[in-house]
Amino acid sequence: MPLSWNEIKSRAIAFSKEWSTETSERAEAQSFWNGFFHVFGIERRRVASFEKQVAIERAGHRLKTGRIDGFWKGMLLIEHKSAGQSLDRAFAQAVDYFDGLPERDLPRYVLVSDFERLRLSDFERGDEAEFALRDLHKHIKRFGFIAGYRAQTIKPQDPVNIRAAEQMGRLHDALKAGGYGQEPGAAGGPKGHALEVLLVRLLFCLFADDTGIFQPAQAFRAWVEERTAADGADLGPQLAQLFQVLNTPLHRRSPALDEQVRAFPYVNGRLFEEPLPLAAFDRAMRESLLDACAIDWSGISPAIFGALFQSIMDGKARRNLGAHYTSEENILKLIRPLFLDELRAEFERIKGNRNRLFEFHKKLRTLNFLDPACGCGNFLVITYRELRLLELELLRAAYDDGQQLLDIHQRLAVDVDQFHGIEIEEFPAQIAQVALWLIDHQMNVLAGEEFGQYFTRIPLKATPHIVHGNALRLDWEDVLPASRCSHVLGNPPFVGAKYMDAAQRADAQAVFDGVANGGLLDLVAAWYVKSARYAKQAAADGAAPRFAFVSTNSITQGEQVGVLWGWLLAQGLHIHFAHRTFQWSNEASGKAAVHCVIVGFGLADLAGKTIYEYEDIRGEPHPVAARNINPYLVDGPDVVLARRSHPMGDVPEIGIGSQPIDDGNYLFTHAEKAAFLALEPSAARFFHRWIGAEELINGVERWVLWLGDCPPSELRRMPHALRRVEAVKAFRRSSRRAQTIAAAARPAHFGTELIPTAPYLVIAKVSSERRGHVPMAFLGPETFCSDLVFMCPNATPFHLGVLLSTMHNAWVRYTCGRLESRYRYSKDIVYNNYPWPESPTEKQRDAITAAAQAVLDTRARFPGSTLADLYDPLTMPPELLKAHRTLDAAVDAAYGRKGFKTDAERVAFLFELYQRSTSLLPAAPPRAKARARRAAD
């Protein structure tokens, strides 16, 4: 075990005094450096050699052979001069040796000295320090790498994470190509199991080699280089022996073992327990392992590396390494409001009271965390790190009066056994456990540096509780009893209700038993339902765990809200905090970012609720205090919008347009229409402009041939049109759906049709989230529209005005479903539940009507511009923006309000109005089974 810093400093002072008068390099340099390594408790021969011979080259030409005064592969190069000689010259000579060294042997540090002075250059950090020998003790921590102290700033975006994963990927590919662990049932596990376990063990060894777990530093690398054959033939058996040694307590190891392998520590933790088949290595594979050894693994971020390491198992995903992963910043968005901010606030209140600090420390030890979809452990790792950092601050505050903290090991209480996870795949589950051990050691090194006492928790005694299993089938009580659970957190899988595979659907159905219409819910909703049941188990035992999940924003929009949150609210759950929609970088490499929310909840109704709003979904949030957070993540009453067959107010009904179900036979572009009429000119009067969402928004010209009112005698005189009718009939007859087959009896008509007879309002079903207004327009009856828009046949400019207002569009943004991130307008959820102005006066109605007409008139002033052009935030004409502001003022006045600052304020007001209005409505009659309007394939 490394010496404490206090011991190292004492030795440094003694060393400086001993060598204060020496001047001759030739006579005493090697003794000087042997003594220097002794300062750190390291026998120089175990790590570094003297007089290593290297070829010095220039422009590819060998000039001469040099000898390095002291060399530690991949770590340190020493150049020594006699007293008074130039350290600049010594440094230049040291750097000259680099060209003669293999890439993986290049040192991170160069140390030059003339006895009187030392200069240490760190090429990774890009800094340099020069000082007198008598001041060595003042700069001693710069040499912590010699003693095994390798604490570093861990940077998630550091390229070393990518390089490390890629290097392990190459080794994985070579082993897999050789067939290692690919036999079903190898090592008692599934196909590929042995390879995964081997790679996890090598990962631990590489990390241990650079962080002081193995002593001296680079002990594993030295063992591979010195105790295995260059052709790799014996590396597999040697690794098997090393793994067995690492799993054997020191007192039980055979004295006949090679001294170098016997010196490795006892690891325990069952990491090296399972026997594996022998791996067959060759020269190239051994070189690949040594290249991996050359990476400085002390700087690896366990939080991100788990996801990257998992990616190496998939060659296709590996090409996108680092493109997408769960960033620490995003994880902190969840854990800070869930528990960390509260703990830190408590610490700030009590940090001046030692007794209360000790009680707070005990509290930290009692916290238990569960991630029931833990993957590679990212959330657990960051949570553990933050708790350990808080514990470190606590100890610093408790002992800030100069009282000596004699045994830091005994004072540290927070440990990995407070962390529990469930993961359906075996390999990520193993990575999660190892990642927690890795971050534990990094935090131990940090604590050791803080208090001058190095320590390591080897052999591993506390173990993270990571269960390989299906979280939707397991009883979470078996993983962590609810009575002991403090917080449940994580990032369950993002799979839409329509995209589940058979196994996922079966899992979800088992969880949704008792949840009406649960089949409409996305997979992530199953974790919410399981959480509600887990919370009730905890409450029965007097516990109150709190929960927070990252989820697709679909569970707070559209019809899923009524299904999921209607049930959750009935169980007594309350939302404590929420991040509204933002863009989340998924941990799975190569997958596009998704639009997510974070919801924190529990059975208790807490004060101090917060909604985190995003002006830019890719930007940073700003917190807004809330009295209550409803399922739409609005500061409003806990209401859910059920599917409603008719509008709430005395306003027109809306419905979707026609669906031809024609295999494209009745739809034409402008050119196709012209070509058809050249053959069939008498069909001209049966063509109508055709409007769907794309045509409405972007001005695309399309036409539809509707022969529903064409007399039979006339149709028979149009052979080209008749062939289209015949083709539609054949297409419908070939369908497997009864409705479509039935529609074949009326082939000249659309499969479902709504033919306008008067001007009508049309509303796009799907539109960009960038626009402030859902695209709408009035059309004449000569224009037909598709089922990609809604039709409102009896609308007036007053209705258009309300629907175009910011008030209604805010309602849309908060309640509609989404297609990716685009708004998906709906009839039953959005339109029919919208609280219209209750009793507008004639004057207010006239003001809205006039303002709506002004919007239409302003649009008409730009005849060459589409709705997409007019409502793009970057190109919207100022005149149109002004007209909309006038309209907004008129609509707000009809609601009896003005001065709304945000969409959230508007929607909170509308939810209150909705709650008041619906409480006065008579009970809805039983919903009749709707007659199917469509005959789609």
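Residues numbered from 1 in each chain as written. Predicted model: local features only at pLDDT ≥ 70, side-chain atom pairs only at ≥ 80, totals over all residues. Heavy atoms only, no water.

1. Focus on the environment of A14
Threshold: Secondary structure elements are defined from DSSP: runs of H or I of at least 4 residues count as helices, runs of E of at least 2 residues count as strands, and each element is numbered from the N terminus.
Positionally, A14 belongs in helix 1 (residues 5-18). Sequence spacing of A14 and V39 is 25 residues, and the spatial spacing of their C-alpha atoms is 8.8 Å.

2. With respect to helix 21 (residues 558-570)
What counts is decided by this rule: The span one expects for a helix is its residue count, reduced by one, times 1.5 Å. One axis is fitted to the seven residues ending at the residue and one to the seven starting there. The bend at that residue is the angle between these axes. Relative accessible area decides the class of each residue, using a 1.4 Å probe on protein chains only: under 20% of the type maximum gives buried, over 50% gives exposed, and in between gives partly exposed. In this description, contact between two residues means that some pair of their heavy atoms is separated by no more than 4.5 Å.
Spanning 13 residues, helix 21 covers 19 Å between terminal C-alpha atoms, matching the ideal 18 Å at 1.5 Å per step. Taken as a whole, helix 21 carries its principal kink of about 25 degrees at L564. What helix 21 keeps buried is the set G558, Q560, V561, V563, L564, W565, W567 and L568. Where helix 21 is buried, its residues meet helix 20 (525-540), strand 12 (574-584), strand 13 (594-602), helix 28 (806-815), strand 25 (817-819) and helix 29 (827-831).

3. Thoughts on the layout of surface pockets
The following threshold applies: Grid points spaced at 1 Å over the protein atoms alone were grouped into cavities, where a 1.4 Å probe fits but cannot get out, and pockets, open sets with protein on both sides within 12 Å along at least five of seven lines, with lining residues defined by an atom within 4 Å of a point. Grid points are joined across faces, edges and corners, and a volume is the space filled by probe spheres set on the points.
By volume, the second largest pocket is sized at about 1,300 Å³. If you list the elements that add at least two residues to the lining of the second largest pocket, you get strand 12, strand 14 (609-613), strand 15 (622-626), helix 28, helix 32 (878-894) and helix 33 (903-919).

4. Notes on the nonpolar core
We apply this condition: Take the buried Ala, Val, Leu, Ile, Met, Phe, Trp, Tyr and Cys residues and link them wherever side-chain atoms come within 4.5 Å; each set so joined is a nonpolar core.
By size, the foremost hydrophobic cluster in this structure holds 117 residues, and its most contacted members are Y528 and Y825. In terms of residue count, the dominant contributor to this core is helix 20 (nine residues). Not counting residues up to four positions away in its chain, the partners in contact with Y825 are I654, I763, A764, K765, V774, F790, L803, H808, V812, V830 and Y831. Judged by nonpolar contacts, the second largest core, of 108 residues, contains Y180, Y399, L436 and Y614.

5. Let's talk about the sheet that holds strand 7 (residues 369-371)
Basically, it comes down to this: For two strands to be treated as a pair, DSSP must find at least two bridges joining them. Between the N-to-C directions of two axes lies an angle of 0 to 180 degrees, each axis being a line fitted to C-alpha atoms and, for a helix, fitted only over the stretch in contact.
If you trace the nine strands from one edge of the open sheet to the other, you get 9-8-7-10-11-13-12-14-15, paired in mixed fashion. Where the open sheet ends on each side, the last strands, each with one partner, are strand 9 (465-468) and strand 15. For this sheet, the mean angle separating the axes of adjacent strands, direction not counted, is 20 degrees. Taken together, the two bridges between strand 7 and strand 10 (residues 487-490) define a ladder with parallel strand orientation. Of the residues in strand 10, the one forming a bridge with F369 is H487.

6. Description of the pattern of salt bridges
Condition: Salt bridges are counted wherever a side-chain nitrogen of Lys or Arg sits within 4 Å of a carboxyl oxygen of Asp or Glu.
A complete count under the given rule lists 43 salt bridges for this structure. Between E695 and R702 there is a salt bridge, with the nearest N and O atoms lying 3.3 Å from each other. Linking R916 and E838 is a salt bridge whose minimum nitrogen-to-oxygen distance equals 3.5 Å. Taken as a pair, R916 in helix 33 and E838 in the loop between helix 29 and helix 30 (842-860) lie far apart in primary sequence, 78 residues in all. The class for R916 is partly exposed, based on a relative accessible area of 42%. Connected through salt bridges with shared partners, the residues K73, D105, R221 and E225 form a single ionic network.

7. Side note on helix 8 (residues 235-246)
With 12 residues, helix 8 extends 16 Å between its outermost C-alpha atoms, agreeing within 8% with the 16 Å of an ideal straight helix rising 1.5 Å per residue. Those residues of helix 8 that sit buried are L235, G236, Q238, L239, L242, F243, V245 and L246. Where the residues of helix 8 are buried, they touch helix 6 (193-211), helix 7 (219-227), helix 9 (259-262) and helix 10 (283-293).

8. Details of the sheet that holds strand 21 (residues 766-767)
Within the open sheet, the three strands sit side by side as 21-26-25. Their pairing is antiparallel. Of all the strands in the sheet, just strand 21 and strand 25 have a single pairing partner and so form its edges. One ladder, built from three bridges, connects strand 25 with strand 26 (residues 822-824); its direction is antiparallel. The residue bridging L819 from the neighbouring strand is R822, located in strand 26.

9. Some words on the packing of helix 7 against helix 8
Which entries qualify depends on this criterion: Oblique is the label for every angle not falling under 35 degrees (roughly parallel), over 145 degrees (roughly antiparallel), or within 65 to 115 degrees (roughly perpendicular). If you view the pair so one helix is near and one far, a crossing is left-handed when the near helix is turned anticlockwise from the far one by less than a right angle, and right-handed when it is turned clockwise. Ten residue types, Ala, Val, Leu, Ile, Met, Phe, Trp, Tyr, Cys and Pro, are classed as nonpolar, four, Asp, Glu, Lys and Arg, as charged, and the remainder, Gly among them, as polar.
Following both chains from N to C, one finds helix 7 and helix 8 inclined at 140 degrees, their axes separated by 11 Å at the closest point. Classified by the angle their axes make, helix 7 and helix 8 are oblique. Crossing of helix 7 against helix 8: the hand is right-handed. Of helix 8, the residues touching helix 7 (which contributes F220, W223, V224 and R227) are L235, Q238, L239 and L242. For the contact of helix 7 with helix 8, the class distribution of residues is six nonpolar, one polar and one charged.

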